[in-house]
Each structure stands twice: as C-alpha cells, then as structure tokens.
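Residues per chain are reported as follows:
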Amino acid sequence: MNLYARYVGWVYLKSFLIIFLALELFYVGIDLLTNLKDLPSSANLQLLYVGLTMLTATSYVMPISLVFAIIVAHINMVRSNELISFYALGVSKNALILPPFFISLCVTIIYVGLNCTPFAYAYEFQKNIANATFGKSTTDTFLKFEGKFIYIKELNLLEKTANDLRIFDINGTNLVSTAFAKSADFQDNIWLLKDMNVTYLPSNLELGAKGLEVQNISRSQGLKGFTPKSIQSANTSERTSFSIPDVLDFIFTFKDEGVELDGAKSVFYTLAIAPFFAPFLVLILYYHLPVTGRFFNLAFATFVFVVSTLVVWGLLFVLGKFSQNSVILPELGIVLPVFGLMLYALYLLKTHR
C-alpha cells in the first residue's frame, strides 16, 4: 500500500473512532438519564444494561459516524493544506478516497455480519432488563402453517417448549381433524407433541355412516420447520429485534401461508442493505467537499454537509418505518434509495480522475 493511502486511511479511521465513541457515550448517557428510575437495583444488571445500550446505539451511531468521519478528516486536511499537497504531487482524486471508502465498506460489512448473531437482539435484551421480563413467554398465538390452523396457549422461546397446542387440519372449507396436545418440545427442527388427543371427522356425514374417530397418542412428531422464533415473529407487531437468519426463516416459513411479509422484508432490508448507504454517501460527499479553504468558509461548509448527512439519514429512516408499516413497498422505501446512492457514487467515481 502506498504511503499516502496508509496516511489518509489512518486519518479517516482515527476520525471515525473518535466520533463513534463520542456518539456512543452521548446515546448511553441520554438513555440512562431517561430510564434511570426503571433500572434494577443490582449493579451487575446495571452494567449489563449499559453494555447492551451501547450495542443498541451502534445501529444508529455507526452509519452516521462513518459519514461524519469523512467530513471531519477532509476539512482537517484542507485546513492544513495536506489535501491540495497530495493533488500537487500527482495523487488522483479517486485514489485518495479509496482508502476511506474501503474502510467504511469493511466496517459496514462487519456490522451486517453482526446482525446475523445475537447482537441483533441487544435492544430486546436491554428492554427486558429495564422491564424485568426475563424469559417472558409468548401467549395466545394463532397461525396458519401447511394448511393447518394452529393455536398455542404459551410458547417459551428460551426453552423451545410450548403448552396447550391445538391443531385444526382443514381441507378447503372442511374440517378434517383436530388435535390437542398438552405440551411440545422443539427438537431437531421438528416438534415433539406430548399427550395428544386426535379427533378425525368423518368425510361422509350420513346417518348410519362411520362417526368420529378418537385417538390418544402419548408422543408424536409434527410441524417440521415451524421454528419457535418464527412463531414469535408472527405473534408480534414489532419485528425490529430479529437477526437476519431469523427474519429469513420467518419469510421462507410463511411465504406460502398468506401472511403479510412486508414488515419482515423491511426488517431484512434494514439489517442487510440499508447500512450500505454510509459508504456510498462517503463517496458522494467527498466529491462535493471543498478542495481548498481559500474560496470557502470551511465552518459553514462543515455545517451544511453535516446537516445534509442528517437529512439523508433521516429520510432513509422514515422511509424504512413507512416500509415496515406497509405504507410503501420495502423495495421502494429501502432498497431503491440505497441503490440510487450507489449509482450516483459510481457515476462520480467514473467522471473524476
């Protein structure tokens, strides 16, 4: 790697780390002041709450920090005449932005990778500590899966167990059978139903024909692929606290069941695609930032670009919320704006040398 690339990359990375840490501490401080009365008395839980709050803040702080870092690093290099010196030495404009761009891209990829882990549930864990609802069960779930209507009285997500299951097998408009299970365990991607009572309805409803058939089964397997996380996802209107694998599992589980999937798609796009607006915005701002401070008021220019960044981030955030609430299609509200930023960034990269 060239000397100038290492230097520019280090200046950008240092600016990012300082801004990121400052915004993280600001977010945590405001959150603690707001929720101080709701925190548990245990010191261990308080420290855990602070750590989870910092992880939660990353979703908001990380993209903004990546963009603010290029503004701060660029303006500082303009003030010290370092930027114009690089250009005078023959370093192209494109070559100078590539190190910050690749750093921001790598940080974004790492963040998306973390969203495939329990990191994505930091907000949920944080609220559980504040509300003292550890291991809270999901209750009164009614779903359709593989042509069956399923009611679950209580689902324990941590233990992957369920109590009082009722399964109604329907063929068109005809009820074929009903099954009642006192409990069930989810093992090896399948539910092990216990103490089942199955009632088969006769297909020929005529006088003198065969009547109801009742079976008592101690153990039975069924509902393959009907994961506990998918059940919880379908039972809640707030689908922002889910990892990428769980959201994909929900989408593929219920894609043929007539379930509204716009909310789940919005969560997936928010976790996997929306963060990439930051590297592309880094490119866009770089080509519009002033090269020298002789003809520009750098303080005012910094203010304008910071406000512009907040406006773009705010618009993307609002569009994401609209997509999650099915006001607009998630592809239009999340994917299209990021794709548009990417095309414009590549256009600027191609037209500048």
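For the structure, see preceding data.
Our subject in this report is the structure included herewith. (Residues numbered from 1 in each chain as written. Predicted model: local features only at pLDDT ≥ 70, side-chain atom pairs only at ≥ 80, totals over all residues. Heavy atoms only, no water.)

## Considering the overall build of the protein chain
Then comes step 1: In terms of helices and strands, the protein chain carries 11 helices and 6 strands.
Then comes step 2: In the protein chain, which comprises 353 residues, the proportion classed as buried is 43%.
Then comes step 3: Sequence separation of at least 24 residues holds for 62% of the intrachain contacts in the protein chain that already meet a minimum separation of 6. (Helix = DSSP H or I, 4+ residues; strand = E, 2+ residues; numbered from the N terminus. Buried < 20%, exposed > 50% of the residue type's maximum accessible area, 1.4 Å probe, protein only. Contact = heavy atoms within 4.5 Å.)

## Focus on unusual backbone geometry
Then comes step 1: The phi dihedral of N81 is positive, around 65 degrees, even though this residue is not glycine.
Then comes step 2: The topology assignment puts N81 in the loop between α2 (43-79) and α3 (82-88).
Then comes step 3: With phi around 50 degrees, D195 is a residue other than glycine that occupies positive phi space.
Then comes step 4: With respect to the helices and strands, D195 occurs in strand β5 (residues 190-200).

## Overview of the pattern of salt bridges
Then comes step 1: All told, the structure shown has 2 salt bridges when counted by the stated rule.
Then comes step 2: The residue D164 makes a salt bridge to R166 at a minimum N-O spacing of 3.4 Å.
Then comes step 3: Here D185 and K194 are joined by a salt bridge, their closest N and O atoms 2.6 Å apart.
Then comes step 4: Using a relative accessible area of 17% as the deciding quantity, one classes D185 as buried. (Salt bridge = Lys/Arg side-chain N within 4 Å of Asp/Glu carboxyl O.)

## A word on helix α11 (residues 330-351)
Each α-helix turn comprises 3.6 residues. Residues three or four places apart therefore point the same way.
Then comes step 1: Relative to the 32 Å expected for 22 residues at 1.5 Å per residue, α11 spans 31 Å between its end C-alpha atoms, a close match to the ideal helical length.
Then comes step 2: At L336, α11 shows its maximal bend, which comes to roughly 35 degrees, and the proline P337 appears one to four places after that position.
Then comes step 3: Among all positions of α11, only P330, G333, I334, P337, V338, L341, A345 and L348 are buried. (Expected span 1.5 Å × (residues − 1). Bend = angle between axes of the 7 residues up to and from the residue.)

## As for the environment of T227
Then comes step 1: Here T227 lies in the loop between β6 (213-222) and α6 (228-234).
Then comes step 2: Residues T227 and F250, 23 residues apart in the sequence, show an inter-C-alpha distance of 8.5 Å.

## Considerations on the sheet that holds strand β3 (residues 161-171)
Then comes step 1: Ordered by their spatial adjacency, 6 strands build an open sheet running β1-β2-β3-β4-β5-β6, and the pairing between neighbours is antiparallel. Edge positions in the sheet fall to β1 (138-145) and β6, since each of these pairs with one other strand and no more. Strand-to-strand, the axes of this sheet are offset by a mean angle of 20 degrees, without reference to chain direction.
Then comes step 2: Two elements, strand β2 (residues 148-156) and β3, share 8 bridges in a ladder whose sense is antiparallel. When the bridges of β3 are listed, L155 appears paired with A162. (Pairing = 2+ DSSP bridges. Axes fitted to C-alpha atoms, helices over the stretch in contact; angles between N-to-C directions.)

## Focus on empty space enclosed by the protein
Then comes step 1: All told, the structure shown has 2 cavities of 30 Å³ or more when counted by the stated rule.
Then comes step 2: Within this model, the largest cavity holds a volume of roughly 80 Å³.
Then comes step 3: At the level of secondary structure, the elements contributing two or more residues to the lining of the largest cavity comprise α1 (3-35), α2 and α4 (93-114).
Then comes step 4: Counting residues per element, the lining of the largest cavity draws most heavily on α2, which supplies 4 residues. (1 Å grid on protein atoms, 1.4 Å probe; cavity = no way out; pocket = protein on both sides within 12 Å on 5 of 7 lines; lining within 4 Å. Points joined across faces, edges and corners; volume = space filled by probe spheres on them.)

## Things to note about the pairing of β2
Then comes step 1: Pairing analysis gives 7 bridges linking β1 to β2, with the strands arranged antiparallel. Within the sheet, the bridge partner assigned to K144 lies in β2 and is F149.
Then comes step 2: The antiparallel pairing of β1 with β2 creates a hairpin that spans 2 residues between the two strands, and E146 there sits at a positive phi of about 50 degrees.

## Description of the side chain of T199
Then comes step 1: In this structure, T199 sits in strand β5.
Then comes step 2: Setting aside residues no more than four positions away along its own chain, T199 makes contact with V176, S177, T178, L212, E213 and V214.

## Comments concerning the packing of aromatic side chains
Then comes step 1: Evaluated as defined, the whole model comprises 13 aromatic pairs.
Then comes step 2: Taken together, the ring pairs connect Y4, Y7 and F86 into an aromatic cluster. (Phe/Tyr/Trp six-rings, centres within 6.5 Å; stacked < 30°, edge-to-face > 60°.)

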